[in-house]
Amino acid sequence: MRNVIRYLFLMILIAVLAVFWSGTATATLIGTTTTASSVEAIGPSNGQVVGVAHPITIRFAAQVTDRAKAEQSISIKATEPLTGTFGWTNDREAVWTPTGFLPANARITVGAGNARTEFNTNAGVFGDGDMSAHTFTLTVGGIPRTMPASMGKPGRETPSGTFPVLEKARSVVFDSRTIGIPLSSPEGYVINGEFAERLTWGGVYIHSAPWSVDQQGNSNVSHGCINLAPEDAEWVYHTINVGDPVTLHW
């Protein structure tokens, strides 16, 4: 009888342990699957080459209620983990900005759950707009090229700070209404621009401006953009990349 009781006790103990460990494994699996399936997109995309100031965007398929937990599930590294800060544009999109810049000529790996992407940084291209000297300098691989420029006039000053290039456009329509100036105003305009690089979502670009060539290098006359001569703007367009940092200052 004692042996029978001992046998029954062991069977019950084994069954309890099996349920316990099975439940733990299942919870881990579900957590991993949920995290992976909730990631809709990671940018930059796989294989893309970007500048060293490019932020990393993780877009989730559903609303994220625990942002801290979501951030902890994201891995960003080159040869070793990289430091940076998270911001959220909405309840589904996290944006990671590196501390300083990403390493140049590096492969960056981003993982969020089972979603993963790898992109590369370029050799390091840096823009510098000096609003006092009325110049724009683009440094590529340590070699600078300085060109005359015209920035924002009084009342429409170009913002100061460091901005990554957000996007490029071979041609773009500049409409004053997008920056709060009606077409009926003496300041209103609709202009076809060329060789443009967007620096802010508020409408600050580097672009070709043949209409202000005489002022470039000596005065600021734009509505906030960095005006360049057509040949300089074309060279910048073909040299600068999305994610390259541009510093604007006095």
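Let me begin by describing the structure that accompanies this report.

Rules used throughout
Residues numbered from 1 in each chain as written. Predicted model: local features only at pLDDT ≥ 70, side-chain atom pairs only at ≥ 80, totals over all residues. Heavy atoms only, no water. Phe/Tyr/Trp six-rings, centres within 6.5 Å; stacked < 30°, edge-to-face > 60°. Helix = DSSP H or I, 4+ residues; strand = E, 2+ residues; numbered from the N terminus. Buried < 20%, exposed > 50% of the residue type's maximum accessible area, 1.4 Å probe, protein only. Lys NZ or Arg CZ within 6 Å of the ring centre and 35° of its normal. 1 Å grid on protein atoms, 1.4 Å probe; cavity = no way out; pocket = protein on both sides within 12 Å on 5 of 7 lines; lining within 4 Å. Points joined across faces, edges and corners; volume = space filled by probe spheres on them. Nonpolar A, V, L, I, M, F, W, Y, C, P; charged D, E, K, R; others polar. Pairing = 2+ DSSP bridges. Axes fitted to C-alpha atoms, helices over the stretch in contact; angles between N-to-C directions. Patch = residues over 30% accessible without salt bridge, like charges linked within 9 Å, V, L, I, M, F, W, Y side chains within 5 Å. Areas by Shrake-Rupley, 256 points an atom, 1.4 Å probe, with all protein chains shown as cover. Salt bridge = Lys/Arg side-chain N within 4 Å of Asp/Glu carboxyl O.

### Comments concerning the packing of aromatic side chains
- Enumeration over the complete set of coordinates arrives at 4 aromatic pairs.
- When the centroid spacing of 6.0 Å and the interplanar angle of 15° are considered together, the rings of F60 and W88 count as stacked. Residue F60 is located in strand β3 (residues 56-60), and its partner W88 is located in strand β5 (residues 84-90); the two are separated by 28 residues in the primary sequence.
- Classification of F60 as buried rests on a relative accessible area of 3%.
- The cationic tip of R145 hangs over the ring face of W235; the distance from NZ or CZ to the ring centre is 4.3 Å.
- Cation over ring: K168 sits above Y237, and NZ or CZ is 4.8 Å from the ring centre.

### Notes on the layout of surface pockets
- When its volume is computed, the largest pocket comes out at roughly 520 Å³.
- Around the largest pocket sit 27 residues that line it, and F174, I179, Y189, H223 and C225 are the ones nearest its centre.
- Ranked by residues supplied to the lining of the largest pocket, first place goes to strand β13 (residues 167-175) with 4 residues.
- Split by residue class, the lining of the largest pocket holds 13 nonpolar, 10 polar and 4 charged.

### Quick word on the sheet that holds β3
- The strand order β1-β3-β6-β5 describes an open sheet built from 4 strands, whose pairing is antiparallel. The outermost strands of the open sheet, each flanked by one partner alone, are β1 (39-43) and β5. Shown here is a sheet whose adjacent strand axes are inclined to one another by a mean of 20°, direction ignored.
- Judged from the 6 bridges that link them, β5 and strand β6 (residues 93-98) form a sheet pairing that is antiparallel. Counted as the bridge partner of G84 is P98 from β6.

### A short note on a nonpolar patch on the surface
- A grouping of V173, L183 and V190 is seen on the molecular surface, where their side chains present a nonpolar patch of about 260 Å² in accessible area.
- Turning to its location among the elements, V173 is positioned in strand β13.
- Residue V173 is classed as exposed on the basis of its relative accessible area, which comes to 52%.

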